[in-house]
Amino acid sequence: MDLLSGDDHVIVVGAGLAGWRFVEALRRDGYEGALTLIGNEVHLPYDRPPLSKQVLSGKWEPDQTALATDELVSSLEVTTHLGVAAQQLDVATTTVRLDNGTSVAGTRVVLATGTRARQLPLSAASSLHTLRSRDDVVRLTNRLNTLAEGDPVVVIGGGFIGAEAATALAARGLRPIILEAAERPLLNVVGPSVSTWLEGLAPAARIELRTSQQITDVLANDNGFVVHFESGDTLVAPLVVLSVGASANIEWLATSGLTIDNGVVVNTDLVANESNGAIGAIGDVACFEWQSVVGTELVRIEHWQTANDHAAHLAKFWTTGEQSTSLMIPYFWSDQYGKKIQMLGHPRPSDDVTLVNGSLDDAKWTALFSRDGVVNGVIALSQPRALMLSRPLLEHVTTLKSALELAPWGN
Ligand SMILES: Cc1cc2nc3c(=O)[nH]c(=O)nc-3n(C[C@H](O)[C@H](O)[C@H](O)COP(=O)(O)OP(=O)(O)OC[C@H]3O[C@@H](n4cnc5c(N)ncnc54)[C@H](O)[C@@H]3O)c2cc1C
């Protein structure tokens, strides 16, 4: 595949973090050709992590999440189509058909359509709040403003965003009740030990965390909602937030001929169709071959830092042909239960966990994940320095034994 030149026209579908960072990176890397950004939201690109933290807790206005301004868009010479969705991709002609009846034809297309909040088949599904977009959080805060201090708010799902939402609701003086289906929160992400430690943080944060909750339905009534459980019990609340994960926005690519497997499958250079190399996929929607110290696996990672890394990598590859030689080490953080959780790597719930620093009683700790005796992840609660000092453990194969001897996390 040729390097990009001034005669090219790059179309970026999805005006979120990955799409915008890609636009910025292309220009930074010297690309002078045409650039079009298509997004189905009406807003210029904005950042999502503050939505469930600063914005929901009332500390920030939604505008403060902006990543781009009109001035920046015009200085980077980007043509935008906002509030229109891409409906179809013709890979052979690199043409994107939009839902307003028009088409945009280019020479390369970057797929950065991210994910959307997953729904559940509940009777009141259309009246439940989700937390994915800026419009979602505005709708939710408008409704929260009508509640009285101490009112209960049900959050279905105790994952990262559910726990963050509950934390923000508590900060607003409400009474969040998390209903988690699993035995412990994040059990299928961080495994039994870490999920037990996290579960213990909820009471001090004034969050009622109920686990093993099997919900059969949620019905709307004049005062709000009634949650029905398998046990026959019910729970009444004026407001319910549904936070049960995300699904990749891939349906519009069904006829494209690209390989789709829970996301758009790309190679290590983030290229989706190796035959002509003109289609790339980045960010939450990309299902990519990830090389780590424990091998190569196909993963889709919904992390802010991964979207940034993907954007920089694909822009560099298309403008210079340079392939990244270093391992990408996924990084994630989450502010929940009044604490900051940070994680490096992409561990599995079945990995071994070793607490290496701090104490559970102080709610400050660092732990290593390992698989077959090789360190493949680091997780820290309110110990950002220890986490970053431990990063080299993931840059090359490090056994758990030698990690414990090196102890890079300090005291
Ligand atoms: C509330 C919240 C809090 C988060 N907090 C953290 C955190 O603390 N730490 C962390 O690491 N990560 C966090 N994340 C995850 C992080 O924000 C995502 O990884 C990141 O936004 C991914 O960027 P993206 O551009 O791939 O996808 P998105 O940000 O989802 O952007 C994709 C864009 O494409 C648009 N789109 C979809 N389909 C189409 C179409 N057919 N045509 C045109 N446009 C389309 C979407 O509407 C969206 O605007 C959080 C996410 C959310 C929602």
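Residues numbered from 1 in each chain as written. Predicted model: local features only at pLDDT ≥ 70, side-chain atom pairs only at ≥ 80, totals over all residues.

Enquirer: How should I be thinking about the pairing of strand β14 (residues 234-237) in this particular structure?
Expert: Looking along a regular strand, one sees the side chains alternate between the two faces of the sheet. With four bridges joining them, strand β13 (residues 224-229) and β14 adopt antiparallel strand pairing. Counted as the bridge partner of His228 is Thr234 from β14. Turn length for the β13-β14 hairpin, with the two strands adjacent in sequence and antiparallel, is four residues, and the turn residue Gly232 shows positive phi of about 100°. (Pairing = 2+ DSSP bridges. Helix = DSSP H or I, 4+ residues; strand = E, 2+ residues; numbered from the N terminus.)

Enquirer: Just to check I follow, could you spell out the site of the ligand for this structure?
Expert: Around the ligand there are 37 residues in total, and Gly14, Gly16, Ala18, Gly114 and Gly283 lie nearest to it. Of all the elements in the fold, those that place two or more residues in the shell around the ligand are α1 (17-28), β2 (34-39), α6 (304-320) and β21 (331-336). A breakdown of the residues in the shell around the ligand according to their chemical character gives 18 nonpolar, 14 polar and five charged. Residue-level mapping places the shell around the ligand at the junction of two domains, with at least three residues from each of domain 1 (9-116 + 246-320) and domain 2 (119-242). (Near = placed C-beta within 6 Å. Nonpolar A, V, L, I, M, F, W, Y, C, P; charged D, E, K, R; others polar. Domains from an automatic or database assignment.)

Enquirer: Looking at this structure, I do not really get the nonpolar core. What am I missing?
Expert: Note that soluble globular proteins tend to have their nonpolar side chains buried in a common cluster. One finds Val154, Val155, Ala165, Val240, Val241 and Ile379 to be the most contacted residues of the largest nonpolar core, which totals 68 residues. Per-element tally for this core: the top contributor is helix α4 (residues 160-171), with eight residues. The contact partners of Val241, leaving out residues within four places of it in the chain, are His129, Leu131, Leu140, Val153, Val155 and Ala165. Among the nonpolar cores identified, the runner-up in size contains 47 residues, and Leu26, Leu37, Ala272 and Cys287 belong to it. (Core = buried A, V, L, I, M, F, W, Y, C linked by C-beta atoms within 7 Å. Buried ≥ 20, exposed ≤ 12 C-beta atoms within 10 Å, placed from the backbone. Contact = placed C-beta atoms within 7 Å.)

Enquirer: So what exactly am I meant to see when it comes to the domain arrangement of the protein chain here?
Expert: Interfaces are often sized by the amount of accessible area the parts lose when they come together. Taken domain by domain, the protein chain holds domain 1 (9-116 + 246-320), domain 2 (119-242) and domain 3 (351-406). The gap between the C-alpha centroids of domain 1 and domain 2 is 30 Å. The interface is formed by 13 residues belonging to domain 1 together with 14 residues belonging to domain 2. Of the residues belonging to the side of domain 1 that touches domain 2, the class tally is five nonpolar, five polar and three charged.

Enquirer: Any chance you could explain the sheet that holds strand β5 (residues 95-98) here in plain terms?
Expert: Each strand in a sheet pairs with its neighbour through backbone hydrogen bonds, running either in the same direction (parallel) or in the opposite one (antiparallel). Read from one edge of the open sheet, three strands run β4-β5-β6, paired in antiparallel fashion. The open sheet is flanked by β4 (86-90) and β6 (103-105), the only strands paired with a single partner. Each adjacent strand pair in this sheet contributes to an overall mean axis angle of 20°, direction not counted. Relative to β5, β4 runs antiparallel, the two sharing four bridges. The partner of Ala86 across the bridge, within β5, is Leu98. (Axes fitted to C-alpha atoms, helices over the stretch in contact; angles between N-to-C directions.)

Enquirer: I would appreciate a short explanation of the sheet that holds strand β7 (residues 108-111) in the present structure.
Expert: Pairing within the open sheet is parallel, and its five strands lie in the order β3-β2-β1-β7-β18. Strand pairing shows two members of the sheet lacking a second neighbour, β3 (79-82) and β18 (279-281), which therefore form its edges. Strand-to-strand twist of the sheet, defined as the mean angle between neighbouring strand axes without regard to direction, takes the value 15°. Two elements, β7 and β18, share three bridges in a ladder whose sense is parallel. The partner of Val110 across the bridge, within β18, is Gly280.

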